[in-house]
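If you want the building blocks of each chain, they are given just below.
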Amino acid sequence: MQTIDYEDFAKLEFRAGTIIRVENFEKARKPAYKIWVDLGAELGVKKSSAQITDLYSSEELIGRQVVCVVNFKPRQIADFMSEILITGFPDEQGRVVLTSVERKVPNGAKLF
């Protein structure tokens, strides 16, 4: 494992946001959702593609707060522009378990 300085970590901008819309991503190579996340007044609503269909239904994602990296370059995935990275950890089977906050925080709250 490579170590980094705090300054390198500080370059990443992690923000909390609430999922407000979810659609099946039919054109994705692997099963995925198109997800819209409300990141508060400063950042607005941003889009992401996420391969989380194994553990989450679209209905249970609505209203869930997630932790996102908001300062990666946007990435084109099929016909969809993914603007943020919704974070998660793999479980024992490699399925993504979303990173969330322990208690509700304002949308756009910054990790520090």
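Residues numbered from 1 in each chain as written. Predicted model: local features only at pLDDT ≥ 70, side-chain atom pairs only at ≥ 80, totals over all residues. Heavy atoms only, no water.

Looking up the chain in an unreviewed UniProt entry gives the name tRNA-binding protein, with the organism given as Algoriphagus kandeliae.

Turning next to the packing of aromatic side chains. Counted by the stated rule, this structure contains four aromatic pairs. Measuring from centroid to centroid gives 5.8 Å for Trp 36 and Phe 80, while their planes differ by 75°, and the two rings are edge-to-face. Of this pair, Trp 36 sits in strand E2 (residues 33–38) while Phe 80 sits in strand E6 (residues 80–82), placing them 44 residues apart in sequence. What links up through ring pairs into an aromatic cluster is the set Tyr 6, Phe 9 and Phe 14. One cation-aromatic arrangement involves Lys 47 over Phe 80; the distance from NZ or CZ to the ring centre is 5.2 Å. (Phe/Tyr/Trp six-rings, centres within 6.5 Å; stacked < 30°, edge-to-face > 60°. Helix = DSSP H or I, 4+ residues; strand = E, 2+ residues; numbered from the N terminus. Lys NZ or Arg CZ within 6 Å of the ring centre and 35° of its normal.)

UniProt records the feature "domain: TRNA-binding" (unreviewed entry) for residues 8–112 in the present numbering. Secondary structure content for residues 8–112 is 10% helix and 40% strand, while the C-alpha to C-alpha distance between its ends is 13 Å. (UniProt positions renumbered as here; feature names shortened; annotations may be inferred.)

For Val 96, the location among the structural elements is in strand E9 (residues 96–98). Classification of Val 96 by relative accessible area gives partly exposed; the value is 29%. In sequence terms Val 96 and Ala 50 are 46 residues apart; their C-alpha atoms lie 9.1 Å from each other. Sequence-distant contacts of Val 96, that is, excluding residues within four places in its chain, are made with Gln 51, Ile 52, Leu 55, Tyr 56, Gly 88 and Phe 89. (Buried < 20%, exposed > 50% of the residue type's maximum accessible area, 1.4 Å probe, protein only. Contact = heavy atoms within 4.5 Å.)

We now examine the pattern of salt bridges. The tally for this structure, following the rule as stated, stands at eight salt bridges. Between Glu 42 and Arg 15 there is a salt bridge, with the nearest N and O atoms lying 3.4 Å from each other. Here the residue Glu 42 occupies a position in helix H2 (residues 40–43), and Arg 15 occupies one in strand E1 (residues 14–24), the gap between them amounting to 27 residues. For Glu 42, a relative accessible area of 62% corresponds to the exposed category. Judged by relative accessible area, which is 7%, Arg 15 ranks as buried. A salt bridge links Arg 95 to Asp 91; the nearest nitrogen and oxygen atoms lie 2.8 Å apart. (Salt bridge = Lys/Arg side-chain N within 4 Å of Asp/Glu carboxyl O.)

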